[in-house]
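Single-letter residue listing:
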Amino acid sequence: MVADPPRGEPKGFEAAEPTGNGAPTLLPKEDPDPAGGRCCASRERVRRCLRANLLVLLTVAAVVAGVALGLGVSGAGGALALGPARLAAFAFPGELLLRLLKMIILPLVVCSLIGGASSLDSSALGRLGAWALLFFLVTTLLASALGVGLALALRPGATFAAINASVGATGAVEEEEAPSKEVLDSFLDLVRNLFPSNLVSAAFSSYSTVYESRWINGTKVKVPVGDEVDSMNILGLVVFAIIFGVALQKLGPEGELLIRFFNSFNDATMVLVSWIMWYAPVGILFLVAGKIVAVEDVGLLFTSLGKYILCCLLGHAIHGLLVLPLIYFLFTRKNPYRFLWGIVTPLATAFGTSSSSATLPLMMKCVEERNGVAKHISRFILPIGATVNMDGAALFQCVAAVFIAQLNQQPLDFVKIITILVTATASSVGAAGIPAGGVLTLAIILEAVNLPVHDISLILAVDWLVDRSCTVLNVEGDAFGAGLLQNYMDRTEMRSSVPELIQVKSEMPLAPLPAPTEEGNPLLKHRLGSAGDTDSCEKESVM
């Protein structure tokens, strides 16, 4: 008789395989979660978190070190003690970062837009793709307009611009003596730059109308003269890249080779961007330090940066918590904040990773399982949105452009504001869904409106914070786009089912006449009886 195993093993022991006599052997029980294992797991999690956010941590450390270094050099005498030559050498690593960023603008814009436009199959997308692109375009324009409006209202750069008021007095007098540019000529220049006459020259120059004073019939007259100025024609390159991408897509299989070429070129450009961003902490350190050393009143500089951050975060909050939910409610009549609650986890991931592409898999899972979006809709709209829809980046770029214009006391007329809106919307289409991707397109906007690109160092100093808010707004817009398309498809299916029911009802009288109709019609009954319907008679006689 085999002995029954004990009902309970002693503490610290566990039963092993039975021995020959059937009695189990008690072995020392291994602790599944010892204290040492927990410590190792905690260290591994911390190490993994640090490795994932290493670039952000290095950027923050570079900003802090740059502020400390700049304040230390300023306390020792500042720019007067260093002199112009030593100050230029001191800020040289930051200047190198800016040159690298400007170098990557042209291939980034052309290749990304050609690859993105060629990947949009208009015949396959149909009405669904058209509504998606319309939603992305409208929301991006609204975000850009909101950013420009907040920057013009709050004027984050006006405080810092007051520092150089006395220095720029002479320059202001010269600007008053120079003839002002007419609005019509500015608008015509904008249209001319949309269609450049030479793509090679558009890479480093743009068309601009200048004025010459000439004596005509004894009267001094201001005559407009067209000339090429040293400024990259970004608008023309963007328009050409989009049209060329659509043309490649229309070629079909014959254009696949060239499409793969531009996609590979774009991937290689992204690798270069990643390398540049790893150098960014070094450049930011000296950019921040050099800017602090060159500024007379550091307190006003920090006040202006604080207003800039507040303006960006306020714009993101308004667009993300009011504008997008309002659009969703107007079209679906559903609670938008319940929809937002379903994507809290992807939003937190977007804030942590600062990357729309990294958040894409988790966003797909949440909108499908928690918000009821069909798989074919989420798999279609979210990848496109991760590349095309950049509401947060567009808003931040508009605020930054107006901020830099206010820093340099350069007025923004109506045409320049329209240029900022159009350029921010168009450049955000090709922006990469990677950390700090919006800073690259910011340089494009500054070039388009002839603003100094070197002031982008101030934006880089606080981009580690603003970029996270941009990413959250970007992925939120993608999710709302998927929700709107799901509601549109549901309503379309309901409408298409109603005509089918009406058609079925209209065809029912054309069917063979039922038995009650024969019984109720005496003529039919008489005709059938006279024709010798023996079967019916036999049935009646049986009954």
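Since we're looking at a predicted model, the values are computed, not measured.

1. Some points on the pairing of strand 4 (residues 219–229)
Where strand 3 (residues 206–216) and strand 4 come together, 11 bridges link them in antiparallel fashion. Paired with Tyr 211 across the strands is Pro 224, a residue of strand 4. Once strand 3 ends, the chain turns through 2 residues before running back antiparallel as strand 4, passing Asn 217 with a positive phi of about 55°.

2. Looking at the environment of Leu 101
Mapped onto the fold, Leu 101 is located in helix 4 (residues 92–103). For the pair formed by Leu 101 and Val 453, sequence separation is 352 residues and the distance between their alpha carbons is 9.9 Å.

3. Describing the confidence of the model for the protein
Looking at the protein, the pLDDT average stands at 74 and 70% of residues meet or exceed 70. Per-element mean pLDDT across the protein ranges from 36 in helix 8 (residues 169–177) up to 91 in helix 14 (residues 336–341). Considering only residues more than four positions removed or in separate chains, one finds that residues 500–543, a stretch of pLDDT under 50, has 3 contacts.

4. Re the nonpolar core
In this structure, Leu 97, Tyr 308, Phe 396, Phe 403, Ile 420 and Ile 459 are the most contacted members of the largest nonpolar core, which totals 70 residues. Ranked by the residues each element gives to this core, the list is headed by helix 18 (residues 391–407), at 11 residues. With sequence-adjacent residues up to four places away left out, Tyr 308 is seen in contact with Pro 156, Phe 396, Val 399, Ala 400, Phe 403, Ile 459, Val 462 and Val 466. Met 363, Leu 382, Leu 473 and Phe 480 belong to the second-largest nonpolar core, a separate cluster that totals 31 residues.

5. Notes on helix 11 (residues 234–251)
Compared with an ideal rise of 1.5 Å per residue, which puts 18 residues at 26 Å, helix 11 spans 26 Å between its outermost C-alpha atoms and is within 8% of the ideal. All of the buried residues in helix 11 are Ile 234, Leu 235, Gly 236, Leu 237, Val 238, Ala 241, Gly 245, Leu 248 and Gln 249. Immediately downstream of helix 11, the backbone of Gly 252 shows phi near 75°, a positive value.

6. Thoughts on the packing of aromatic side chains
Tallied over the entire structure, the rule returns 11 aromatic pairs. Seen from their ring centres, Phe 244 and Phe 262 are 6.1 Å apart, and the 80° between their planes marks the pair as edge-to-face. A residue pair is termed long-range when its members are at least 10 positions apart, and Phe 244 in helix 11 and Phe 262 in helix 12 (residues 256–294) qualify at 18 residues. The exposure class of Phe 262 is buried, given its relative accessible area of 12%. Seen from the ring of Phe 329, Arg 333 lies directly overhead, with NZ or CZ sitting 5.5 Å from the centre. Note that Arg 468 overlies the ring of Phe 351, its terminal NZ or CZ placed 5.9 Å from the centroid.

7. As for helix 4
Residues three or four positions apart in an α-helix share a direction because the helix packs 3.6 residues into each turn. The first and last C-alpha atoms of helix 4 sit 16 Å apart over 12 residues, in line with the 16 Å expected at 1.5 Å per residue. When we look at burial in helix 4, the residues that qualify are Pro 93, Gly 94, Leu 97, Leu 98 and Leu 101. In an axial view of helix 4, the angular spread of the buried residues amounts to 145°, which keeps them on one side of the axis.

8. Quick word on the packing of helix 4 against helix 12
Close contact between helix 4 and helix 12 brings their axes to 7 Å; oriented N to C, the two are set at 140°. Here helix 4 is positioned oblique relative to helix 12, judged by the angle of their axes. For the pair helix 4 and helix 12, the crossing hand works out as left-handed. Judged by residue contacts, Pro 93, Gly 94, Glu 95, Leu 96, Leu 97, Leu 98, Leu 100 and Leu 101 of helix 4 engage Ile 276, Tyr 279, Ala 280, Gly 283, Ile 284, Phe 286 and Leu 287 from helix 12. Residues belonging to the contact of helix 4 with helix 12 are distributed by class as follows: 12 nonpolar, 2 polar and 1 charged.

9. Describing the pattern of salt bridges
Per the counting criterion, the structure on display carries 2 salt bridges. Here Glu 44 ties to Arg 47 by a salt bridge, and the two come within 2.7 Å at their closest N and O atoms. Here Glu 44 pairs with Arg 47, and both are found in helix 1 (residues 35–52), just 3 residues apart, close to one helical turn.

10. Observations regarding the environment of Trp 278
Structurally, Trp 278 is set in helix 12. When its relative accessible area of 45% is taken as the criterion, Trp 278 is described as partly exposed. Measuring from C-alpha to C-alpha, the distance between Trp 278 and Leu 55 comes to 6.9 Å, with 223 residues separating the pair along the chain. Every residue in contact with Trp 278, bar those within four places of it in the chain, is listed here: Leu 54, Leu 55 and Leu 58.

11. Digging into unusual backbone geometry
Despite not being glycine, Arg 333 has its phi angle at roughly 60°, a positive value. Tracing the sequence through the fold places Arg 333 in the loop between helix 13 (298–332) and helix 14. The exposure class of Arg 333 is exposed, given its relative accessible area of 60%. The backbone of Gln 409 sits at a positive phi, close to 55°, despite the residue not being glycine. One can find Gln 409 in the loop between helix 18 and helix 19 (414–429). On the basis of relative accessible area, Gln 409 is assigned to the partly exposed category, the value being 37%.

Rules used throughout
- Residues numbered from 1 in each chain as written.
- Predicted model: local features only at pLDDT ≥ 70, side-chain atom pairs only at ≥ 80, totals over all residues.
- Heavy atoms only, no water.
- Pairing = 2+ DSSP bridges.
- Helix = DSSP H or I, 4+ residues; strand = E, 2+ residues; numbered from the N terminus.
- pLDDT = per-residue confidence, 0-100.
- Contact = heavy atoms within 4.5 Å.
- Core = buried A, V, L, I, M, F, W, Y, C linked by side-chain atoms within 4.5 Å.
- Buried < 20%, exposed > 50% of the residue type's maximum accessible area, 1.4 Å probe, protein only.
- Expected span 1.5 Å × (residues − 1).
- Phe/Tyr/Trp six-rings, centres within 6.5 Å; stacked < 30°, edge-to-face > 60°.
- Lys NZ or Arg CZ within 6 Å of the ring centre and 35° of its normal.
- Arc of directions from axis to C-beta.
- Axes fitted to C-alpha atoms, helices over the stretch in contact; angles between N-to-C directions.
- Parallel < 35°, antiparallel > 145°, perpendicular 65-115°, else oblique.
- Left-handed = near helix turned anticlockwise from the far one by under 90°.
- Nonpolar A, V, L, I, M, F, W, Y, C, P; charged D, E, K, R; others polar.
- Salt bridge = Lys/Arg side-chain N within 4 Å of Asp/Glu carboxyl O.

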